[in-house]
Amino acid sequence: MKKQEILSEYNKYLKIENYSEQTVRSYSSALNLFLEWVSKSNLDKVTDNAIKDYLYYCKTVRKYSFSSMKLVIASIRYFYLKILKREIPEALNIELRKPSILPTVLSVKEISKILDVTKNLKHKTILLLIYSAGLRLGELLELKLGDIDSDTMKIYVRKGKGKKDRYTLLSQKLLTLLQEYLPIYKPEKWLFEGKGAQGQYSATSIAKILHRAAKQAAIKKRVTPHMLRHSFATHLLEQGIDLRYIQELLGHSSSKTTEIYTHVSNKKLGLIKNPLDEIFNDTT
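These figures come from a predicted structure and were not determined experimentally. (Residues numbered from 1 in each chain as written. Predicted model: local features only at pLDDT ≥ 70, side-chain atom pairs only at ≥ 80, totals over all residues. Heavy atoms only, no water.)

### Some points on unusual backbone geometry
The phi dihedral of Lys85 falls on the positive side, at around 55°, and the residue is not glycine. Relative to the assigned elements, Lys85 resides in the loop between α4 (66–82) and α5 (108–117). You can call Lys85 exposed: its relative accessible area is 57%. Despite not being glycine, Lys186 has its phi angle at roughly 45°, a positive value. Relative to the assigned elements, Lys186 resides in the loop between α8 (172–185) and α9 (203–216). By relative accessible area, Lys186 is classed as exposed at 59%. (Helix = DSSP H or I, 4+ residues; strand = E, 2+ residues; numbered from the N terminus. Buried < 20%, exposed > 50% of the residue type's maximum accessible area, 1.4 Å probe, protein only.)

### A look at the environment of Ile155
Here Ile155 is to be found in strand β2 (residues 154–157). Here Ile155 falls in the buried class, since its relative accessible area comes to 0%. A C-alpha to C-alpha distance of 6.0 Å links Ile155 and Leu169, two positions 14 residues apart in sequence. Sequence-distant contacts of Ile155, that is, excluding residues within four places in its chain, are made with Leu129, Ala133, Leu143, Asp147, Ile148, Arg166, Tyr167, Thr168, Leu169, Leu170 and Leu174. (Contact = heavy atoms within 4.5 Å.)

### Notes on the pairing of β2
Working note: regular strand, side chains alternate between the two faces of the sheet. Here β2 shows a clear split, with Ile155 and Val157 buried on one side and none of Lys154 and Tyr156 buried on the other. Counting the residues that bridge the hairpin from strand β1 (residues 148–149) to β2 gives four residues, and of these Met153 lies at a positive phi of roughly 60°. (Pairing = 2+ DSSP bridges.)

### Points about the side chain of Ser132
Looking at the element boundaries, Ser132 is found in helix α6 (residues 121–133). Among the polar contacts listed, one links the side chain of Ser132 to the backbone oxygen of Leu128, at a separation of 2.7 Å. Sequence-distant contacts of Ser132, defined by excluding residues within four places in its chain, comprise Leu169, Ser171, Leu174, Phe232, Asn274 and Leu276. (Polar contact = N/O pair within 3.5 Å; in protein donor to acceptor, adjacent residues only side chain to side chain.)

### What about empty space enclosed by the protein?
Evaluation of the coordinates by the stated rule reveals one cavity of 30 Å³ or more. The wall of the largest cavity is formed by Ile111, Ile114, Leu115, Leu127, Tyr131 and Leu228. Those elements that provide at least two residues to the lining of the largest cavity are α5 and α6. Considered class by class, the residues forming the lining of the largest cavity number six nonpolar, no polar and no charged. (1 Å grid on protein atoms, 1.4 Å probe; cavity = no way out; pocket = protein on both sides within 12 Å on 5 of 7 lines; lining within 4 Å. Points joined across faces, edges and corners; volume = space filled by probe spheres on them. Nonpolar A, V, L, I, M, F, W, Y, C, P; charged D, E, K, R; others polar.)

### Looking at the confidence of the model for the protein
Overall, the prediction assigns the protein a mean pLDDT of 87, with 89% of residues at 70 or greater. Low pLDDT (under 50) marks residues 263–269, which in the prediction has 18 contacts with non-local residues, meaning those over four places away or in another chain. (pLDDT = per-residue confidence, 0-100.)

Structure below.
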């Protein structure tokens, strides 16, 4: 099969098995790079050494992170199983050592500075939502109008990581901003819509918005959208919120993932104050 035929068949399998759109895109992109690497070889004759060389190239030349390397390996393993219908090559049966790196977070003051310099209503609403709800970027892009529940002050997150649904917090300040945003931008399907074929806002655009705001706010850290999620969790812990509730809000399947933030404390979910509201209470 030609490369495009392989990728088309690959996408079909992923969608049939109910992988998220983000996963389909990520796996397909990773496989595409692998196919380009072995383009001069017969796929049935790609050796373990060739695969090993490719993984070495990804790590040493492209400087892939632990997560990116996991994605590369998983995408190629899936390709061998579903498309080539062969046993997984020995070169892909490896265990990556996960680095013990603490997440970089922004202080409450730094979050406030970023929000102050972000004047565009849509941009500010996006950044506030990621931070105040502790969302992954893909979860934000999948939000629809009906996922915002102002009666219970919750946000319904559909098919987060691992295809799991959950509820997270809806900040009063964010709700006020959304009530200003909606009649101006009039989104039809997605809460934040862009100009792409699917109408969803671009993840790359959001990263650029945040990077530009951080630069204007004179923040020296390399700020990413996921850092806002880390900051949300850390600021809740600084309020004394029980780690078990934070685990639920973040959608972590294991408490060990959440434990990276700090120690466990005892609070009831109903007593949680959204850290975003605390920021604006301090500045008014």
